[in-house]
Amino acid sequence: MATQEEDLRGKLALVTGANSGVGKETALQLCQRGCTVVMCCRSMNKADAARNDIMKRLDLKDFMRLRLVQLDLSDLDNVGQFNTRLDAELGKDLKDAPLDIAIMVRCETARPKRSSKLTTTTTAP
Ligand SMILES: NC(=O)c1ccc[n+]([C@@H]2O[C@H](COP(=O)([O-])OP(=O)(O)OC[C@H]3O[C@@H](n4cnc5c(N)ncnc54)[C@H](OP(=O)(O)O)[C@@H]3O)[C@@H](O)[C@H]2O)c1
């Protein structure tokens, strides 16, 4: 983790579960040190509120330093489409930028939903 003095200007960071608790504080700390932070959140309304709060606390004017991407870690279809949403949010300026830091909060919830298409087959002896 970054120290208080560490200068992370120009770095790109990604944080999941970033709208509250540990994830939100991590996003704030990374942003304070100069990172552009991708806040990955299940609810975009909550993400927007969290970004506004972080910007207020840091007296930050440039909302491009905190990018919002929707991500529900409990839904594998949603996770599978994440890259497309990430590219759209990063735009031309950051689309090809290397990801320097990734903080996965709540990654333990990334379990596949059972598909209704799955069937079981039994074979008679
Ligand atoms: N807080 C502490 O003092 C502390 C101490 C030690 C360890 N930890 C660990 O750190 C982790 C985070 O704790 P926390 O206190 O920050 O609160 P948390 O309730 O575990 O995590 C909150 C964040 O995770 C998001 N989240 C939940 N399910 C999600 C999903 N399916 N997809 C995407 N995001 C999802 C929540 O979004 P929504 O708002 O949409 O639900 C919220 O942003 C936990 O594993 C906890 O055990 C916490």
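The numbers attached to residues start from 1 for each chain and follow its sequence in the written order. A pLDDT threshold of at least 70 governs which residues receive local features in this predicted model, and a stricter bar of 80 or more applies before side-chain atom pairs are shown or counted, although totals over entire chains, interfaces and linings include all residues.

Student: Whenever I open this one, the environment of S20 confuses me. Can you help?
Tutor: Elements are defined by DSSP. Helices are runs of H or I of four residues or more, strands are runs of E of two residues or more, and each kind is numbered from the N terminus. Tracing the backbone through its elements, the reader meets S20 in the loop between β1 (12-16) and α1 (21-32). Sequence separation of S20 and A49 is 29 residues, and the distance between their C-alpha atoms is 9.9 Å.

Student: Please clarify how the site of the ligand should be interpreted in this entry.
Tutor: Near, as applied to residues and a molecule or strand, means the residue's backbone-placed C-beta atom lies within 6 Å of it. The local shell around the ligand holds 17 residues, among which G17, G21, V22, L73 and S74 are the closest. In terms of residue count, α1 provides more of the shell around the ligand than any other element does, three residues in total. Residue classes in the shell around the ligand are distributed as five nonpolar, eight polar and four charged. Ten residue types, Ala, Val, Leu, Ile, Met, Phe, Trp, Tyr, Cys and Pro, are classed as nonpolar, four, Asp, Glu, Lys and Arg, as charged, and the remainder, Gly among them, as polar.

Student: What should I look at first to understand the pairing of β1 in this one?
Tutor: Note on burial: count the other C-beta atoms lying within 10 Å of the residue's C-beta; 20 or more is buried, 12 or fewer is exposed, in between is partly exposed, and C-beta positions come from the backbone. In terms of burial, β1 is largely enclosed, as four of its five residues are buried. As judged from the five bridges shared by β1 and strand β2 (residues 36-41), these two strands associate in the parallel manner. Note on β2: the bridge partner recorded for L12 is T36. We call a crossover right-handed when, viewed with both strands directed away from the observer, the connection leading from the first strand over the helix to the second proceeds clockwise. As for the winding sense of the linkage, the β-α-β connection from β1 through α1 to β2 is right-handed. Any two strands are treated as partners once DSSP identifies two or more bridges connecting them. Relative to strand β4 (residues 101-103), β1 is paired through three bridges, and the arrangement is parallel. Bridge pairing links V15 to I103 in β4.

Function-wise, these values are silent; they only describe arrangement.
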